[in-house]
Amino acid sequence: MKYLALIFTLIPLLGFSQVLENDFSEPYPFGNPVIRHMYTADAAPHVMPDGRVWMVTSVDHLDGGGYATMHRYHLFSSANMKDWHDHGECFHIHQLEPKAIDETEQQWAAWAPDMVYRNGKYYLYIPVRILYPKKTRPNGGRWVETHLAVAVADKLGDRFEVINPKIDATRGIDPSVFIDDDGTPYMYWGSHDAAVLKENMYELATEPVKLEVGTDRFMEAAWMNKVGDEYHLSYHTKYDWKLGVTPENHDDPERLKSELWYSVSDSPWGPFELEGTLNYELGVNVDNGPHHPEGDFVPWKLTQSNHGGIVEFHGQEYLFYHTSALSSWLQTRFKDKGTWTQRSVCVDKLNYDEEGKVIPIQQTIEGVEAVIVDQPFEIDLRQLTIAERNGFSIVDNKIITTEKTSWAKIEDVDLGTGYYYYEAEIYEAKHPFKIELRLDAPDGKLLGTAQFQQPANIKEGGVMDCRLREANGKHDLYVLFVSDKASNSFRGNTSRIFAGSPLPLDQ
Ligand code: FUB
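Remember, it's a predicted structure, so these values are computed and weren't measured experimentally.

(A) Focus on the environment of Asp-50. You can see Asp-50 is positioned in the loop between strand 1 (39-47) and strand 2 (53-60). By relative accessible area, which is 17% here, Asp-50 ends up buried. A sequence separation of 13 residues divides Asp-50 from Asp-63, and the C-alpha atoms of the two residues are 35 Å apart. Excluding anything up to four places from it in sequence, Asp-50 contacts Phe-377, Ser-501, Pro-502 and Leu-503.

What follows is the structure in structure tokens.
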């Protein structure tokens, strides 16, 4: 904790150090980083209901200036992981505090965000970092305050509007939100803190807890990735930032390096056990990478701020991280390392060995190849025949259950290389219920859970939807209706699995 506080107090001083001119006259010649017209960092990637991969990123100032000058977020999307469209600024720190930058003695910044979709809305999680330049700590360092805020948008591309300027009981940075297969939304942040979010997605439903992560090297940037039934928590390690990297100490095993590690548990609450490295120090082993004139390492090596986000897209996982490759190119044509806070988002593949352990990613300068998805956008489940059913009947288009868990089996559904969402439109329901989607048996693998819980919605009807995880291949699909009451009834219309292929930008 002391260590982290020290970093927070020193980073601003270090970050101000370098302001170099950017020369865009010669285009950056490689595929990584993926955004090359501005500086981006801290990417949070997710497949959204349009089937595209979206990422929200921090923005590092074009003229440098350091961590205190991170004031806004941009949104980008891709249909193939390779070509990215800039949807523009989606949030500015002025939306939280109009005087945030110029008129107060405090300097407000927005650091590594996350963004999730839930029941028709998009939620943006913002770590607010306030620096008090004139208020010093007893040790001479500057006073820093951090907390989390939430903003919401009805559609991606719209500006997010603040819905909660400060989530109670949050202190720390780098929020990441993970919705489990049973529909529970967890938030991870700070120094391995975790809590469940309320259904409204902008308040905590539980007290924060400190997770056991199996190492004292955890520093920041928690990210949850569920792999099969295992919960993989990845994070940036504490490192020896004073030492820096030189040609001499470059490979020294004793040097504490800035890496991404991950710890594993069978529960989202842990305890987690350290399992291994996900991303080596930035710039290590880059195939075909340009070399620094002074040594056997790439000139864009960063000695800190290794920040990761993971997304699965049609059968392949990808790690999003950032490097200073672009600033190194724009400022010195790869003759020097680029700047700490002029970072750029890179994408490379994340693979596993035969035992299911992560193989540390191969950082590349070429980037990944384009993914071509050739399958329908949606599967309309109402058009498919129910091969078998249990515990419900259909009368006048109304589903009437006689058991707390009833189900319909639909045979041989082709989920192709992946479908990412399920949605049902409900007109009326007698009692709250949820819909689970499972593979191959009523108690088979759970893909996702859509909840229809709020009494107000029960009278009015509405849409229930959920994200599906690992919905691919050809399977018998089981649609389960689960309620506390055996005798329930509801009437609906749409029942579809969708986001199977990315929509073009204009739809
Ligand atoms: O980008 C600002 C901070 O640097 C993030 O919050 C950290 O994870 C590190 O990337």
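(B) Molecular detail of unusual backbone geometry. A cis amide bond links Asn-32 to the next residue, Pro-33, at an omega of 5 degrees. For Pro-33, the location among the structural elements is in the loop between helix 1 (2-15) and strand 1. For Met-81, which is not glycine, the phi torsion reads 75 degrees and is therefore positive. Here Met-81 lies in the loop between strand 3 (72-78) and strand 4 (85-92). Met-81 sits in the buried class, given a relative accessible area of 0%. A positive phi is found at Asn-397, a non-glycine position, where the angle reads about 65 degrees. Along the polypeptide, Asn-397 turns up in the loop between strand 24 (392-395) and strand 25 (398-401).

(C) The side chain of Glu-317, seen in detail. Inspection of the secondary structure assignment puts Glu-317 in strand 19 (residues 316-323). For the buried Glu-317, no salt bridge is present, and the opposite-charge side chain at shortest range is Arg-469, 7.1 Å distant. Polar contacts involving the side chain of Glu-317 include one to the side chain of Asn-225, which spans 3.3 Å. There is a polar contact of 2.4 Å between the side chain of Glu-317 and the side chain of Tyr-352. With sequence-adjacent residues up to four places away left out, Glu-317 is seen in contact with Asn-225, Val-227, Ile-310, Val-311, Glu-312, Lys-349, Leu-350 and Tyr-352.

The rules behind each value
- Residues numbered from 1 in each chain as written.
- Predicted model: local features only at pLDDT ≥ 70, side-chain atom pairs only at ≥ 80, totals over all residues.
- Heavy atoms only, no water.
- Helix = DSSP H or I, 4+ residues; strand = E, 2+ residues; numbered from the N terminus.
- Buried < 20%, exposed > 50% of the residue type's maximum accessible area, 1.4 Å probe, protein only.
- Contact = heavy atoms within 4.5 Å.
- Lys, Arg positive; Asp, Glu negative; His and termini not counted.
- Salt bridge = Lys/Arg side-chain N within 4 Å of Asp/Glu carboxyl O.
- Polar contact = N/O pair within 3.5 Å; in protein donor to acceptor, adjacent residues only side chain to side chain.

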